[in-house]
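Next come the chains, spelled out residue by residue.
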Amino acid sequence: MELAALYKRVIGLDIHQAQITACALLEEPDGTMRIEQRQFGGFKRDRRELAHWVASLKPEEVVMESTGIYWKSPYAALEAVGIRAKVVNARHVKHVPGRKTDVGDAHWLATLARAGLLRGSFVPPAKLRELRLIARQRQKLVGQLAAEKNRLHKVLTDSGIRLGVVVSDLHGQSARAMVKALIAGQPPHAVLKLASRRLKAAREEILDALQGELTASHRFVLDELMRHIEEIEARIARFDARLLAELESEHNTLALLQTIPGVDLIGAAMLLVEIGTDMDAFGSAERLASWVGICPGNNESAGKRKSGRVRKDNPYVRRLLCEFAHAASRTTSVFKSKFQSLLVRRGYKRAIIAIGHKILRTL
């Protein structure tokens, strides 16, 4: 099949960890086609050489596949010489059978780009790309914190202590003080004095929950877990402070995002880092939801609706939206009534995804 050309000078880049394969399709003034193929390494000097070679050809389009994180350094090198490359989704690039080589991949990318068949993915500005490192590492730390808290709860249960039964949050101020006292070896009657008067459980129930068989090994593991939990919490606080300091100029945008039910300051900052402030880059709310991977799948054949499972496109934004949905479902807003109506018909998980989708379209 012959593809009609919309661009005369295009370059396709097939990027791997240690090698970059480039293919340039160049139309000469007399109408003849010239193909240039080059291979570059993955180091800084190689990326700089690639950028200068691309700039010397003066291409109209430069496309690369979004292969993991390997595209980021070449993209930054091209950006430094004034070239805004298109980062395309590998799922959208259909390889021709029998041409599965690095050179073939680069040539096929260039061929599709020359015909105008590729649409670039959203790439935020350089500052937001840097802040993504902070925001995404913070999400990893939050996951580690949850895992350590669950482990501490499990060790307490293993020792026969059922404090989690009588308190709603095992890591609240009062409960944490009691856990630390148990680790220090204080008797249950002394630990009971640390219980807050606001706890709904009766004092007798709390005292029964504090009874257990804490061995020296239990205390050692609990002490190490508690230290690690507090260390991770301190790290998260430092990440929060750095992220908010870097986004000081976006104070009004953050305040506007917080008007949406379920969105707090840190959530607004992390969402802003992921999707940016220019919604025109996505074109529409539907495309934004598709880019995040939170909209229902569109799969119909022979008049039958097949699986509508969401895709795993941007897990960081999807995780944030699910957190917002959980919070919004407990507020007095339109999201709560929508969640309750979906909960009966579709189940809890589908209802949360639907509310997250609705929140994203509200932005």
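Preceding this paragraph is the structure being described.
For the structure given in this document, a descriptive report is provided here. (Residues numbered from 1 in each chain as written. Predicted model: local features only at pLDDT ≥ 70, side-chain atom pairs only at ≥ 80, totals over all residues. Heavy atoms only, no water.)

**Section: helix H14 (residues 334-346)**
Structurally, the α-helix is built with 3.6 residues per turn, so residues lying three or four positions apart point the same way. For H14, which comprises 13 residues, the first-to-last C-alpha distance of 18 Å matches the rise-based estimate of 18 Å (1.5 Å per residue) to within 8%. Among all positions of H14, only Phe335, Phe339 and Leu342 are buried. The arc that holds the buried residues of H14, viewed along the axis, is 75 degrees, so those residues lie on one side. Facing away from the buried surface of H14 by more than 90 degrees, the exposed residues are Val344 and Arg345. Tucked inside the fold, the buried residues of H14 contact helix H13 (315-328) and helix H15 (348-362). Residue glycine 347 follows H14 closely and has a positive phi angle near 95 degrees. (Helix = DSSP H or I, 4+ residues; strand = E, 2+ residues; numbered from the N terminus. Expected span 1.5 Å × (residues − 1). Buried < 20%, exposed > 50% of the residue type's maximum accessible area, 1.4 Å probe, protein only. Arc of directions from axis to C-beta. Contact = heavy atoms within 4.5 Å.)

**Things to note about the side chain of glutamine 139**
Note on placement: glutamine 139 falls in helix H4 (residues 126-158). Residue classification places glutamine 139 among the buried positions, given a relative accessible area of 12%. Beyond its immediate stretch of four places on either side in the chain, glutamine 139 contacts Met270, Tyr316, Arg319 and Leu320.

**Let's talk about the pattern of salt bridges**
Scanning the entire structure with this criterion turns up 17 salt bridges. With its nearest N and O atoms 3.3 Å apart, the salt bridge here joins arginine 114 to glutamate 27. A residue pair is termed long-range when its members are at least 10 positions apart, and arginine 114 in helix H3 (residues 102-114) and glutamate 27 in strand E2 (residues 19-27) qualify at 87 residues. Judged by relative accessible area, glutamate 27 falls into the partly exposed class, the value being 23%. We note a salt bridge from aspartate 240 to arginine 138, for which the minimum N-O separation is 2.4 Å. (Salt bridge = Lys/Arg side-chain N within 4 Å of Asp/Glu carboxyl O.)

**Here we look at the layout of surface pockets**
The calculated volume of the largest pocket comes to roughly 1200 Å³. Together, 45 residues line the largest pocket, and Val87, Ser121, Phe122, Val123 and Trp291 are the ones closest to its centre. Secondary structure elements with two or more residues in the lining of the largest pocket: helix H2 (72-80), strand E5 (86-88), H4, helix H11 (265-275), helix H12 (285-292) and H13. In terms of residue class, the lining of the largest pocket is built from 20 nonpolar, 12 polar and 13 charged. (1 Å grid on protein atoms, 1.4 Å probe; cavity = no way out; pocket = protein on both sides within 12 Å on 5 of 7 lines; lining within 4 Å. Points joined across faces, edges and corners; volume = space filled by probe spheres on them. Nonpolar A, V, L, I, M, F, W, Y, C, P; charged D, E, K, R; others polar.)

**Observations regarding the pairing of strand E1 (residues 9-15)**
Across the seven residues that make up E1, a large majority, six, are buried. Both E1 and E2 contribute to a ladder of seven bridges, which runs antiparallel. Counted as the bridge partner of arginine 9 is leucine 26 from E2. Examined bridge by bridge, E1 and strand E4 (residues 61-65) share four bridges and lie parallel to one another. Bridge assignment links leucine 13 to a residue of E4, and that residue is methionine 64. (Pairing = 2+ DSSP bridges.)

**Section: the packing of aromatic side chains**
Taken as a whole, this structure holds six aromatic pairs when the rule is applied. For the pair tryptophan 71 and tyrosine 75, a centre-to-centre distance of 5.6 Å together with 85 degrees between the ring planes defines the contact as edge-to-face. Of the residues examined, tryptophan 71 reaches a relative accessible area of 10% and is grouped as buried. Judged by its relative accessible area of 2%, tyrosine 75 is buried. Pairing phenylalanine 122 with phenylalanine 282 gives two aromatic rings, centres 4.7 Å apart and planes at 45 degrees, and the pair type is tilted. Here phenylalanine 122, found in the loop between H3 and H4, pairs with phenylalanine 282, found in the loop between H11 and H12; they are 160 residues apart in sequence, far enough to count as distant. Each member of the pair, phenylalanine 122 together with phenylalanine 282, is buried. (Phe/Tyr/Trp six-rings, centres within 6.5 Å; stacked < 30°, edge-to-face > 60°.)

**Overview of a positive patch on the surface**
Together, Lys338, Arg345, Arg346, Arg350 and Lys358 make up a positively charged patch on the protein surface. Contributions of two or more residues to the positive patch are made by H14 and H15. Inspection of the secondary structure puts arginine 345 in helix H14. (Patch = residues over 30% accessible without salt bridge, like charges linked within 9 Å, V, L, I, M, F, W, Y side chains within 5 Å. Areas by Shrake-Rupley, 256 points an atom, 1.4 Å probe, with all protein chains shown as cover. Lys, Arg positive; Asp, Glu negative; His and termini not counted. Charge placed at Lys NZ, Arg CZ, Asp CG, Glu CD.)

**Looking at the packing of helix H1 (residues 44-57) against H2**
Remark: H1 packs on H2, axes separated minimally by 9 Å, with the N-to-C direction vectors making an angle of 50 degrees. The angle between H1 and H2 falls in the class oblique. In the crossing of H1 with H2, the sense of the turn from one axis to the other is right-handed. Contact with H1, carried on its side by Arg47, Leu50, Ala51 and Val54, involves Ser73, Pro74, Ala77 and Leu78 of H2 and no other residues of that element. Classifying every residue of the contact of H1 with H2 by side-chain character gives six nonpolar, one polar and one charged. (Axes fitted to C-alpha atoms, helices over the stretch in contact; angles between N-to-C directions. Parallel < 35°, antiparallel > 145°, perpendicular 65-115°, else oblique. Left-handed = near helix turned anticlockwise from the far one by under 90°.)

**So, unusual backbone geometry**
Glycine aside, negative phi is the norm for most residues, and most peptide bonds take the trans geometry. At lysine 58, a residue that is not glycine, the phi angle is positive and equals roughly 50 degrees. Positionally, lysine 58 belongs in the loop between H1 and E4. For lysine 58, a relative accessible area of 66% corresponds to the exposed category.

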